[in-house]
Each structure stands twice: as C-alpha cells, then as structure tokens.
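Coordinate inspection notes
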Amino acid sequence: MVNAGAVSAFFKSAVHESAQNNELTAARHRSYIVSHLLGGLLALAVFPVYLALNGQPTTLTAIVFAWLLTPIAMAYFLSRTGRLGVAHLISAANLTGLVTFAAYITGGISSFLLPWMIVVPLEAALSTDRRVVLSAIGVAGLGLAALFLGRMAGLIPPAIYLANPEMLALVGSASALIYSGGLAVSIQIIYRRSEEAVRLGEQRYRLLAENSTDMITRHDAAGRVLFASHAGEQFFGEDARSLSGSGLFERIHVGDRPGYLTALDRCLHSGQQVDIEFRARTGQSSAAETKSPHFRWFEMRCKPLNFGAEKADGNAEFVAVTRDITARKAQEDELLRARDEAESANRAKTQFLANVSHELRTPLNAIIGFSEILNKELFGSLGAARYKEYAALINDSGSHLLNVVNEILDMSKIEAGKFDIVTSPFEISTLLKPCCDMMRNLAEKKSINVEWSVNDGLPELVADKRACKQMLLNLLSNAIKFTEEHGHIKVTARREGAWLDIVVADNGIGISPKDLPNLGNPFFQADTSYKRNYEGTGLGLSVVKGLARLHGGSLDIASTPGKGTTATIRLPLQAQVRPEEVDGPAPVMTKVAAAS
C-alpha cells in the first residue's frame, strides 16, 4: 500500500532549493513535476500492456512511446535547475512536436488529435509568465501551420486508423478535455493559494502595523494619507481615520509644512528613503485647542512603493513610518543648553585667567627688577650677606612666578583662539642654533651636553618663528629639567614628506606609560620616581601642543622610564592656519618605547 505522506514528502523534496522558501513558487514547481512525472510513468506502464496485446512494436510505435517518456526528463530538469519558465517552454515545444507528429500520421489537419494543441498554451499558463504563454501559443501555431502546409503540398501520408474515426475523434477530444480540466483545476488551486497567501500577508502586516508603537501611513503622490495605523490615535488623541486625506498635513506646524512637502517630493522623485522632522498638533481639533495648541515633535521616514513601475503609470505611492521624538528633542535641547553653559563658563574662565595674568605681570616685573637691584647692590652694600641671599631668592621666585603667569596667559590665548599666528619662511637652522645656545648655560649647570643637527637639503619652513621658538624652548627646558647630571640632549630636524619634524631627545628619567596619555593637558604633571622633586605647573607641554595645532601640526611624545624621552613637533612645511581648528583640545600622540 502506497503511503500518501511519503509520496507528498517525495514531491516536496523534488522541488529545487531556490523555490522552497516561497510557497506559491514551490506549488507551481510541484504541479509541473507531478504532472510530467505521472504522465511519463503512465506511458511507461502502458508500454508492457501494448507489447502483450500487439507483440513486437514497430519502429514508429517505439518512437512514439519514447517520446511519451520525455516528460520524466523535463521533471528532472526542473528539479535540478529550478528554471520553471524554461521547463514550460521545453514542455510546450515537446508537446507540440508530439501532437504534430501524431496528427501527421493520423490525417494531418483533420486528425482527431488536433484538440491537444489547445493544451499547449493552457499548460504554459501554469508558469504565470506572460512571455512563456505567448511563446507556447507561437509554438502551437507553428505546429498547426506545418500540418496545414503539408496538407496543401500533398506531404501528409494516408491516415493510420486503429479504430472507428468517429470513436477516435471522441477519444481525442475527451482526453484533451480531461487533461485541460486537470490543468484548469491546477491553475485554480494555485490561484486560491495565491489569494490565501495575499490575505495572510495582509493580515500579518496589518497586525504588525496595528501593534507597532510607530505610526505607519501610506500616501499618494500628493501626500494625502490613504492608510494610517492605530498608533496615530496614541499620537494625536483621535481616531486614526481622522488623519486620512489632508488630516495629517493640517496638524503639522505651519513653519514645518514647507520642509515636509519638500521631503515628500524628494522621496517620490529620487526613489530613496527620506527622513524629516516636524512638529504636529495633538489633541482634539476644538476651538480651545486651536487657540493654544499643543505640539509634539515627530520623525518621519518615507520610502516609495515600487518606485519605477508606479512612477511610470502616474500612480506613485509611498509608505512612511512616524515616531514621537519629543523626549529626544527635549534631551537634545538640554544637551545644547548644557554645552552652551559649559562653553560660556570656559570662556569666562579663560577671560579670568587672561585678566588675572595681565594684572600679575606688572607687579611681578617690579618685584623682579627691584630684587635684581638689591642683589647687585647698585646703590650700596646691603650689609649682612643674608640680605643678598634673600634678594636672590626673591628674584628667582619672581622670575618663576612670571614664567607661570606667561604660560597661563599663552594657554588662555590659545584656548580662546586669540593667539595670532604670523607665518613667514625661514631656515630651520636659524631656529635650532639660537634656542640651543640660550639653553646651554642652564644645561651646563648640570653638566648636560646639548647638541643640534639639521639634515641636508631641508627646505625653508613657513611658520610663525616666534611660536616655533617658544615650543622648542619649552621642550628643551623640560628635557634639561628631567635629565640627570652628565646627561645628553640632542635636537634634530628632518623632513617627512610634506612635514618637518623637530625632535628633542634626552636620556633622562623618562615618563611612566600611565602618564603618557595625559601629557599636554593643562596643569598635568607626570608622577615620576622622584615624587615631584621637579617644580613646574604642567603648562609647558600644553602650550607646545596648542601652538603646534595652530600651525596644523601635532606633538608626539615617546618615552621609556629610566632611559629617556623623545618629543617630536610635527609641522607642515607650508603652514595653513585654520582658526576653526583651535576650538577645543587636541590629543597629544603618545607611545611607550619598548625597553631594550
């Protein structure tokens, strides 16, 4: 006994994998495979009966039976390739050839088998491809034309009748009718499945739209709402049907309507997704609400439906998904307000530092000047030696404090974007030599050797020489400060493409890896094994970083604790000063050299 479940599973597995994910396509493939496979197997089953009744077949009979088995090969072709249209074209050509040949030997144009020509385009209709159906009609027409022309030319042989001609005509018409009926039923089954799939799809999408927290709408080319999901009722406090037509547009804030219409027009003409934010009135459309309406912010994302086809026939539509972004807008406004307050506070801080620094410089200059007079005893002896020592301490402290004030003033100018950069071309050697000479006396107090060198063929640097001098002096000062006695400092300049690198390398105490990322931040000082035995404010590198950035360059620091530090100022050979680049801190590139 044949297991129906096993047979059904077999035909399902025979469907090509490309069609298995679509139920309708899989049904068409199964219908083709089943009809052709069963037709071929039926011919195969009849052949032994024929042999038993008629004995050895003639050559003509063998050809006909072999032809009747070809549908099995067609079913196999579709199962392996998944090309339904091609399979139907092959089937149409095969059936037309078979009917034409059978009609040729049974009377030609008057053959009882001619009704089977109607089956050819009817079977091709199962492909649901208009081109395949038209091709099948053409192939069947060629078969009829061939029979007619053969009759006119006298090429049709005498008819071979195995039974009464009227009975054969009845059998031919009845068999064609039965087969056509089966095809019609198959077409009706596929059509019903298509309707069910469409209905289920609509139910699923409608259920999705109705339960989504976002409002889903469908619009025509003029922007009128054709459908609105239930989320519209939650957004606007009215039935979603009130948004139909121009109901949604009338709720949009007057100031946002031009942008809304522009976005819809751009969506329809570009075929791309377009996003638009707008304010819309919520609540009942009563007179009281109209006087003091309440607006909320919404974001709409719209996209055309079948852009090419619908645009061509003038029935363009698009679907839109709208969500309430009022809370997000409130957060954005709060962030903007906080940013503005922070920027205002930062400007106030910078202005305060600039004012205080300016006010401190005047009395400090006086303190330093008078302490120098006392230290040099220009107006007579001070008496006790300790007075002279105190005067020297006052001078050193005042000079140190003045240097701090100058760094604060420079840093505030850089942060405020008020540090003027005046570029001009100059030889890099005219920068390195004077700076090294200026710092040599300080280095010699610790027996530190300072050398400088410039690679041959370096072009002139176009930059602010005063700012470059300040950057180099700050780096040299740091190198001397953190290099032990009898140490070594080397300053070099080299070209790297369109950039010039000024490198200050020392063999000092180095910097801890955890401190490298913070170098260049104002008032940050690296924690070394010397536990803050070195005075300073931590502003020097901040000034260097800021001045390098004003030139469009950067500061790179590499260090190995206990082995030294290498600071590199990278500047473009042709500095392009861009004020917008100074509106905020820039990172200092840092790296830790591997210990050898």
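Provided above is the structure to which this section pertains.
As a starting point, this report considers the structure included with it. Bear in mind the structure is a predicted one, so any value in this text is a computation, not a measurement. (Residues numbered from 1 in each chain as written. Predicted model: local features only at pLDDT ≥ 70, side-chain atom pairs only at ≥ 80, totals over all residues. Heavy atoms only, no water.)

Focus: the environment of Trp297
Note the following rule: Secondary structure elements are taken from DSSP: a helix is a run of H or I of four residues or more, a strand is a run of E of two residues or more, and numbering for both begins at the N terminus. We call two residues contacting when some pair of their heavy atoms lies within 4.5 Å.
Here Trp297 lies in strand β4 (residues 294–305). Between the alpha carbons of Trp297 and Glu277 there is a distance of 7.1 Å; along the sequence they are 20 residues apart. Excluding its chain neighbours within four sequence positions, the residues that come into contact with Trp297 are Glu277, Phe278, Arg279, Arg323, Asp324, Ile325, Thr326 and Lys329.

What to know about the nonpolar core
Side chains that are nonpolar tend, in soluble globular proteins, to be buried together. The test is simple: Definition used in this section: a nonpolar core is a set of buried Ala, Val, Leu, Ile, Met, Phe, Trp, Tyr and Cys residues joined via side-chain atoms within 4.5 Å. Exposed residues in this analysis have more than 50% of their type's maximum accessible area, buried residues have under 20%, and partly exposed residues fall in between, with area computed by a 1.4 Å probe over protein chains only.
The biggest cluster of nonpolar side chains holds 44 residues, and the ones touching the most others in it are Ile428, Leu431, Leu461, Leu472, Leu476 and Ile569. Broken down by secondary-structure element, the contributors of at least two residues to this core are α16 (429–444), β8 (461–463), α17 (465–481), β9 (488–496), β10 (499–506), α18 (540–550), β11 (554–560) and β12 (564–572). For this core, the leading source of residues is α17, giving nine residues. For Ile569, the contacting residues outside a window of four places in its chain are Met471, Leu472, Leu475, Leu500, Asp501, Ile502, Val544, Ala548, Ser554 and Leu555. Ranked by size, the runner-up nonpolar core spans 25 residues in total, among them Ala228, Phe236, Leu264 and Ile276.

A word on the pairing of strand β2 (residues 225–228)
Every regular strand shows the same layout, with side chains that alternate between the two sheet faces. Note the threshold: Strands pair, by our definition, only if DSSP identifies at least two bridges between them.
One ladder, built from three bridges, connects strand β1 (residues 215–220) with β2; its direction is antiparallel. Among the inter-strand pairings, His219 is bridged to a residue of β2, identified as Val225. The antiparallel hairpin formed by β1 and β2 contains four residues in its connecting segment, where Gly223 sits at a positive phi of about 90°.

Focus on the pairing of strand β5 (residues 317–324)
Relative to β5, β1 runs antiparallel, the two being bridged by six bridges. Bridge pairing in β5 places Met215 opposite Thr322. Direction of pairing for β4 relative to β5: antiparallel, over a ladder of eight bridges. Considered in β5, the bridge of Met300 is made with Thr322.

Observations concerning a nonpolar patch on the surface
Spelled out, the test is: Think of a patch as exposed residues, more than 30% relative accessible area, with no salt bridge, where like charges cluster within 9 Å and nonpolar side chains (Val, Leu, Ile, Met, Phe, Trp, Tyr) cluster within 5 Å. In this description, accessible areas are obtained by the Shrake-Rupley approach with a 1.4 Å probe, and a residue is regarded as covered only by the protein chains that are shown. Here, a salt bridge means any side-chain nitrogen of Lys or Arg that lies within 4 Å of a carboxyl oxygen of Asp or Glu.
Judged by side-chain polarity, Ile109, Leu144, Phe148, Leu149 and Met152 come together as a nonpolar surface patch covering roughly 480 Å² of accessible area. Here Leu149 shows up in helix α7 (residues 130–153). Residue classification places Leu149 among the exposed positions, given a relative accessible area of 54%.

A closer look at the packing of helix α5 (residues 84–104) against α7
For clarity, the threshold we go by: For helices, the fitted axis covers only the stretch in contact; all axes are lines through C-alpha atoms, and the angles between them, taken along N-to-C directions, range from 0 to 180 degrees. The labels follow the angle: roughly parallel below 35 degrees, roughly antiparallel above 145, roughly perpendicular from 65 to 115, and oblique for the rest. By definition, turning the near helix anticlockwise from the far helix through less than a right angle yields a left-handed crossing, and turning it clockwise yields a right-handed one. All residues other than Ala, Val, Leu, Ile, Met, Phe, Trp, Tyr, Cys, Pro, Asp, Glu, Lys and Arg, Gly among them, are scored as polar; the first ten of these are nonpolar and the last four charged.
The contact between α5 and α7 brings their axes to 9 Å, and the two run at 15°. Of the possible angle classes, the one that applies to α5 and α7 is roughly parallel. Between α5 and α7 lies a crossing whose hand is right-handed. Along the contact surface, α5 presents Gly85, His88, Leu89, Ala92, Ala93, Thr96, Thr100, Ala103 and Tyr104, while α7 presents Val132, Ser135, Ala136, Val139, Ala140, Gly143 and Leu147. Residue composition of the contact of α5 with α7, by class: 10 nonpolar, six polar and no charged.

Points about the state of the cysteines
Spelled out, the test is: Here, two cysteine sulfur atoms that lie within 2.5 Å of each other are counted as a disulfide.
Summed over the entire model, instances satisfying the criterion amount to zero disulfides. Cys267 takes part in no disulfide bond, and the closest cysteine sulfur, belonging to Cys302, lies 3.9 Å away. In this structure Cys436 is a free cysteine whose sulfur lies 6.9 Å from that of Cys435, the closest cysteine sulfur available. Taking the relative accessible area as the measure of exposure, Cys436 reaches 0% and is therefore buried.

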